[in-house]
Amino acid sequence: MKSLRITVRGVVQGVGFRPFIYRLAHEHGLAGWVRNTSGSVEIHVEGEELSVDRFVAEIRISSPPMAKIEELTSSSIPPTGYVGFEIVESRPEPGQYQLVSPDIATCEACRQEVFSSEDRRYRYSFTNCTNCGPRFTIIEDIPYDRPLTTMKHFAMCPDCRREYDDPLDRRFHAQPNACPVCGPCLSLVDAQGVPVGDGDVIRSAAKLFRDGKTLAVKGLGGFLLSCDATDAEAVKKLRERKHRPSKPLAVMMTSIAEVKRHCRVSPEEERLLLSPQSPIVLLMWRGEESSICAEVAPNLKYLGVMLPYTPLHHLLMNEVGCPLVMTSGNLSEEPIAKDNDEALRRLGGIADFFLLHNRDIYAKYDDSVCIVEKDIPRVVRRARGYAPYPIALPFDSRRILACGAEEKNTFCLARDRHAFVSQHIGDMENEETLEHFEKTIELYKKLFRIEPEVVAYDLHPEYLPTKYALELKAKNSGLRFVPVQHHHAHIASCLIENGVQQPVIGVAFDGTGYGGDRTIWGGELLVADLKGFRRVGHLEHVPMPGGTAAIRKPYRMVLGYIHALLGPDFPLHGLPILGPLDPGELVVVARQIERRVNSPLTSSAGRLFDAVSTLAGIRGEIDYEAQAAIELEMLADQDQKASAVYPFSFVEEAGCRVVRLADLIAAVIDDVKQGMPAGAISTKFHWTMAKMIVDMCRAISRDTGIKVVALSGGVFQNRLLFRLSVDSLRQEGFEVLTHRLVPCNDGGVSLGQAAIANFAASAT
Ligand code: ZN
Ligand code: ZN
Ligand code: FE
């Protein structure tokens, strides 16, 4: 006889782990019990030695699909003479925590039930089981039991209760278990909240879609705004009302077969679309061959596509029969709306109708966005399906709150070997997002029992998360506060997710990051590790006439480059976008540059991409972030095997290599004047930037002996630049570290801040 006490940590609650243990114990004829605690799952087993050993081995091998075992420990204890095996009451433990599962897309078994007319859950939108359904969005506290979720308002009917109590049922202890008799239900109302339709909500909603209406559809983590993606008028109307003139919209499609009719799909992309995370995947759009209207993603070659991930989506898509636009239910850059009243109030001017339900959402949760590049799935917006699963730290961390950057904000709370990077919070530009930020920090602190001792924040004094940190500082003298340079944080985040701690050459190319020297950085080469960094190279500084106005109007940036690098008298005629400009504005901009009025200096790579886009005649003003640079990328030849490059040079200033850009800008202008098409200029420019990165890394490597390069910063969302850089760095013999788990854009900054703050706090 043998008796063991086993403790399992990881994602082991809300994923069918206890029922799995129950069945496994019965299979092996073992006695004892299993229970959830706040920090783990505890198991007591006793029986024949061989059976106990097999039982332990199988826990790892055959655990449920959504479970992630991080640690399994066991110790022998004296047998207590148990008879039978049972699941016993959860035991909360003060200070302990356990990992919380993300929300998971509907599994195949549940999907089949929903479409089977014999099943009692036929056409039921809230069908779920221990392998699928809402998790994080409904949890108010741990341990994860129904009374601590927003399902507490629904008392299970006898049939559901029987499933819930039956260890051999696949809904055994499925906390959100529900059916049409006892569970949440749908309703369809107009913008005034008045019920509409013939009683069959899904059928009525589908008809509204076919009539070109816009619907706000309540999902897992908030409302999505939706309309027929093949109806150009409907899409235009949605754009106008949402104040989103051209930023691309995501599309939901019924099946992978339908996706393939509209987009090219690689095997890895297909796997990602069908994964339990079910993210939006940016796919190569078939353009003319696809019936999705151009207004969904104007001027772009990629289309954001996802498959249905709730029973409601499956039913709706099946009934509508065409792809639907599905975009966050908000106005422009506000956070996603989650409550029914809030949605009617905030989205009343956008949606014609509302598809509601009465299961509350506790946490706002956007759809995640991924790309597959170099055959690896990479998250560019991390939320549903991924958060709040932590990133593993290669060291034991202090308890840290890292507040993140301003755009695409996430924060990060760290303890032990876990970095809990929050779901995408959004652009911190308004009160609503700040409130969402603060509430979500409180939720994570509660769920993971983290009372921070160290607070990390970006150097930029105008960032709202920085102001939040400084307000904490003013109120609380007991905490340590660590300011972190933006690009150092980018590189550190790339190091962490690759488990690397030694110094690397960090290439941080992005739009904007505060340098600490009163200039704006963004084309940076750092020698960095988690403890510190040295700026060893950067793009030449040029003025940004009008500050942020130069971001919205890249033609101002062009004037900055020309004025600073080619001289104030350089002739502008023959340049398509600058030609028609108001001469009065040209004078104002020139004066801003000369007198250095509201013209901060920047070394930003993002601004250089913007400026080349404008010079090439693509666009002089933007209405979503990085639009000019993205449209430049879209025109490049993706498959070209070699290319001429524009000239550039390095000079050394105080141990730092500066890339001189005068020759590059002059050569681009020459090509434009020679009538070279924008696509050809773009291709040549992309190859130039990749060569610039390699040349810089080679020179830095010669000085330092470092052969590992980390690529980070939002500019690496440019897939062509990313590919060219990785390929040519590898050809040079460099090991190249890239992002997969957190975004290369500012959504990844909080992770890097947390790691840096941990070492800074330990150093003093
Ligand atoms: Zn299921
Ligand atoms: Zn029921
Ligand atoms: Fe950045």
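Residues numbered from 1 in each chain as written. Chains lettered and ligands numbered in written order. Predicted model: local features only at pLDDT ≥ 70, side-chain atom pairs only at ≥ 80, totals over all residues. Heavy atoms only, no water.

1. Some thoughts on the nonpolar core
Argument step 1. In terms of nonpolar packing, the biggest core is built from 103 residues, with Ile 6, Phe 17, Ile 43, Phe 55 and Ile 59 touching the most fellow members.
Argument step 2. Ignoring any residue separated from it by four or fewer positions in sequence, one finds Ile 43 in contact with Leu 4, Arg 5, Ile 6, Val 8, Ile 21, Trp 33, Val 34, Phe 55, Ile 59 and Phe 85. (Core = buried A, V, L, I, M, F, W, Y, C linked by side-chain atoms within 4.5 Å. Buried < 20%, exposed > 50% of the residue type's maximum accessible area, 1.4 Å probe, protein only. Contact = heavy atoms within 4.5 Å.)

2. So, the coordination of the iron ion (ligand 3)
Ideal values differ by geometry: the angle at a metal is 109.5 degrees with four tetrahedral donors, but 90 or 180 degrees with six octahedral donors.
Argument step 1. Coordination sphere of the iron ion (ligand 3), protein contribution only: His 486 (NE2), His 490 (NE2), Asp 510 (OD) and Asp 746 (OD), at 2.0 to 2.2 Å.
Argument step 2. Around the iron ion (ligand 3) sit four donor atoms; with metal-centred angles ranging over 88 to 170°, the donor geometry is irregular.
Argument step 3. Read in sequence order, the donor residues coordinating the iron ion (ligand 3) give the pattern H-x3-H-x19-D-x235-D. A residue pair is termed long-range when its members are at least 10 positions apart, and Asp 510 in strand 21 (residues 504-514) and Asp 746 in the loop between strand 29 (735-737) and helix 22 (749-763) qualify at 236 residues.
Argument step 4. Residue Asp 510 is classed as buried on the basis of its relative accessible area, which comes to 2%.
Argument step 5. You can call Asp 746 buried: its relative accessible area is 10%. (Donors = N, O, S within 2.8 Å, 3.2 Å for Na, K, Ca; no water. Tetrahedral: all angles 85-135°; square planar, octahedral: opposite > 155°, others 65-115°. Helix = DSSP H or I, 4+ residues; strand = E, 2+ residues; numbered from the N terminus.)

3. Considerations on unusual backbone geometry
Argument step 1. The residue after Ile 142, namely Pro 143, is reached through a cis peptide bond having omega 0°.
Argument step 2. Inspection of the secondary structure puts Pro 143 in the loop between helix 3 (108-114) and helix 4 (158-165).
Argument step 3. Put simply, Ala 387 and Pro 388 share a cis peptide bond, and its omega is 5°.
Argument step 4. Within the fold, Pro 388 resides in the loop between strand 16 (376-381) and strand 17 (391-402).
Argument step 5. For Asp 375, which is not glycine, the phi dihedral falls at a positive 65°.
Argument step 6. Here Asp 375 shows up in the loop between strand 15 (369-373) and strand 16.
Argument step 7. The class for Asp 375 is exposed, based on a relative accessible area of 62%.
Argument step 8. Even without glycine at this site, Arg 596 takes up a positive phi of about 55°.
Argument step 9. Relative to the helices and strands, Arg 596 resides in the loop between helix 16 (583-595) and strand 25 (601-602).

4. Comments concerning the environment of Val 504
Argument step 1. Counting through the fold element by element, Val 504 comes out in strand 21.
Argument step 2. Along the chain, Val 504 and Leu 608 lie 104 residues apart, while their C-alpha atoms are 25 Å from each other.
Argument step 3. Not counting the four nearest positions on each side in its chain, Val 504 is found in contact with Ile 491, Leu 495, Leu 526, Val 527, Ala 528, Ile 706, Val 708, Ala 710 and Leu 737.

5. With respect to the domain arrangement of the chain
Argument step 1. For the chain, the domain assignment lists domain 1 (2-87), domain 2 (100-389), domain 3 (390-499 + 747-762) and domain 4 (509-740).
Argument step 2. Taking only C-alpha atoms, the centre of domain 2 and the centre of domain 4 are 39 Å apart.
Argument step 3. Of the roughly 1600 Å² buried between domain 2 and domain 4, counting both surfaces, carbon and sulfur atoms make up 54%.
Argument step 4. Glu 373 is the salt-bridge partner of Arg 719, the closest N and O atoms lying 2.8 Å from each other.
Argument step 5. Where domain 2 touches domain 4, the interface holds twelve residue pairs in polar contact (both at pLDDT 80 or more).
Argument step 6. Where the side of domain 2 that touches domain 4 is concerned, the elements lending two or more residues are strand 15 and strand 16.
Argument step 7. Looking at the side of domain 2 that touches domain 4, the element that brings in the most residues is strand 16, giving five residues.
Argument step 8. Looking at the side of domain 2 that touches domain 4, its residues break down into twelve nonpolar, two polar and six charged. (Domains from an automatic or database assignment. Buried area = accessible area lost by both parts, 1.4 Å probe. Salt bridge = Lys/Arg side-chain N within 4 Å of Asp/Glu carboxyl O. Polar contact = N/O pair within 3.5 Å; in protein donor to acceptor, adjacent residues only side chain to side chain. Nonpolar A, V, L, I, M, F, W, Y, C, P; charged D, E, K, R; others polar.)

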